[in-house]
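Analysis of the macromolecular model
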Amino acid sequence: FFSSRRRHTRYISVTGVQTCALPISHIGVRVQCAGRSEARHYSLLDLESDGRYRIAVKRIDDGFGGSRHLWSLRAGDALEISQPAHGFALDLGAPAYLMLAGGIGITPLLSMAHQASQRGVPVEFHYAVRSRAEAVFAERLREWLGDALHLHVAAEGSRLDVVGVIAASHPDAQCYCCGPIGLLD
């Protein structure tokens, strides 16, 4: 694998994969947590078409250890990964989409937004983060969606009003949401 970093998120690319993943796939990655081997699941990022699997890993120092393990890896280290799975598919027949992402929950919705924008279907995208530094995909989304991207930065006093956004959305839009429990509840 090889990686690059932003302050809060590390991008990991896995080379040497033998299968082709569909957009909106995820893989299981074996990590070491408190001396045990455990599986953590990460959405594949649909950013390039060079035959590599890419994931984004937010560092969580007070978590169970999966992100710390992945942040400790060096280029060339081996990773044990599963075959891609597809459990969160975009309905390509929708007339419009409303997407709500919180924090690192952006990763599966990123591929969906890209797919929808390439098809020319309207996408209203709300991306909630604690700080601008955590809005790791805002620039890419802005390229694809323009003014249909709404960034909600808690540190700047902008909160995502989920109920209000859904009430004001396109009446036939399909809604996709991914993020922390507080957003999903």
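Structure shown above.
Residues numbered from 1 in each chain as written. Predicted model: local features only at pLDDT ≥ 70, side-chain atom pairs only at ≥ 80, totals over all residues. Heavy atoms only, no water.

Things to note about the sheet that holds strand β7 (residues 123-129)
If you walk across this open sheet you meet the four strands as β8-β7-β6-β9, and the pairing is parallel. Each edge of the open sheet carries a strand with a single partner, namely β8 (149-153) and β9 (174-178). Neighbour to neighbour, the strand axes of the sheet diverge by 10° on average, direction disregarded. Judged from the five bridges that link them, strand β6 (residues 97-102) and β9 form a sheet pairing that is parallel. From the neighbouring strand, Leu100 faces β9, where its bridge partner is Cys177. (Pairing = 2+ DSSP bridges. Helix = DSSP H or I, 4+ residues; strand = E, 2+ residues; numbered from the N terminus. Axes fitted to C-alpha atoms, helices over the stretch in contact; angles between N-to-C directions.)

Notes on the packing of helix α2 (residues 106-119) against helix α3 (residues 138-145)
Contact geometry for α2 and α3: axes closest at 10 Å, N-to-C directions at 20°. As judged from the angle between their axes, α2 and α3 are roughly parallel. Between α2 and α3 lies a crossing of left-handed hand. Facing Ile106, Leu110, Ala113, His114 and Ser117 of α2, the residues of α3 in contact are Leu141, Trp144 and Leu145. Looking at side-chain class alone, the contact of α2 with α3 contains six nonpolar, two polar and no charged residues. (Parallel < 35°, antiparallel > 145°, perpendicular 65-115°, else oblique. Left-handed = near helix turned anticlockwise from the far one by under 90°. Contact = heavy atoms within 4.5 Å. Nonpolar A, V, L, I, M, F, W, Y, C, P; charged D, E, K, R; others polar.)

Concerning the side chain of His152
Turning to its location among the elements, His152 is positioned in strand β8. A polar contact of 2.8 Å, which involves the side chain of His152, links it to the side chain of His126. (Polar contact = N/O pair within 3.5 Å; in protein donor to acceptor, adjacent residues only side chain to side chain.)

Topic: the nonpolar core
Ranked by internal contacts, the top residues of the largest apolar core, which has 27 residues, are Tyr97, Met99, Phe125, Tyr127, Phe137 and Leu141. Of all the elements in the fold, those that place two or more residues in this core are β6, α2, β7, α3 and β8. Examining the composition of this core, we find that six residues originate from one element, α2, more than from any other. Sequence-distant contacts of Met99, that is, excluding residues within four places in its chain, are made with Leu90, Leu109, Met112, Ala113, Val123, Glu124, Phe125, His126 and Tyr176. Listed in part, the 12 residues of the second largest apolar core include Tyr42, Leu44, Tyr53 and Trp71. (Core = buried A, V, L, I, M, F, W, Y, C linked by side-chain atoms within 4.5 Å. Buried < 20%, exposed > 50% of the residue type's maximum accessible area, 1.4 Å probe, protein only.)

Some remarks on the pairing of β7
Counting buried positions along β7 yields six of seven residues, so the element is predominantly enclosed. In this sheet, β7 lies alongside β6 in parallel orientation, the contact comprising six bridges. The partner of Ala101 across the bridge, within β7, is Tyr127. This β-α-β element, β6 to α2 to β7, shows right-handed connectivity. (Right-handed = clockwise from strand over helix to strand, strands pointing away.)

Section: α2
Taking 1.5 Å as the rise per residue, α2 with 14 residues should run 20 Å; its terminal C-alpha atoms sit 20 Å apart, in good agreement. Most of α2 is tucked away, with 11 of its 14 residues classed as buried. Along α2, the residues classified as buried are Ile106, Thr107, Pro108, Leu109, Leu110, Ser111, Met112, Ala113, His114, Gln115 and Ala116. Taken together, the buried residues of α2 touch β4 (36-43), β5 (53-58), β6, β7, α3 and β9. Residue Gly120 follows α2 closely and has a positive phi angle near 80°. (Expected span 1.5 Å × (residues − 1).)

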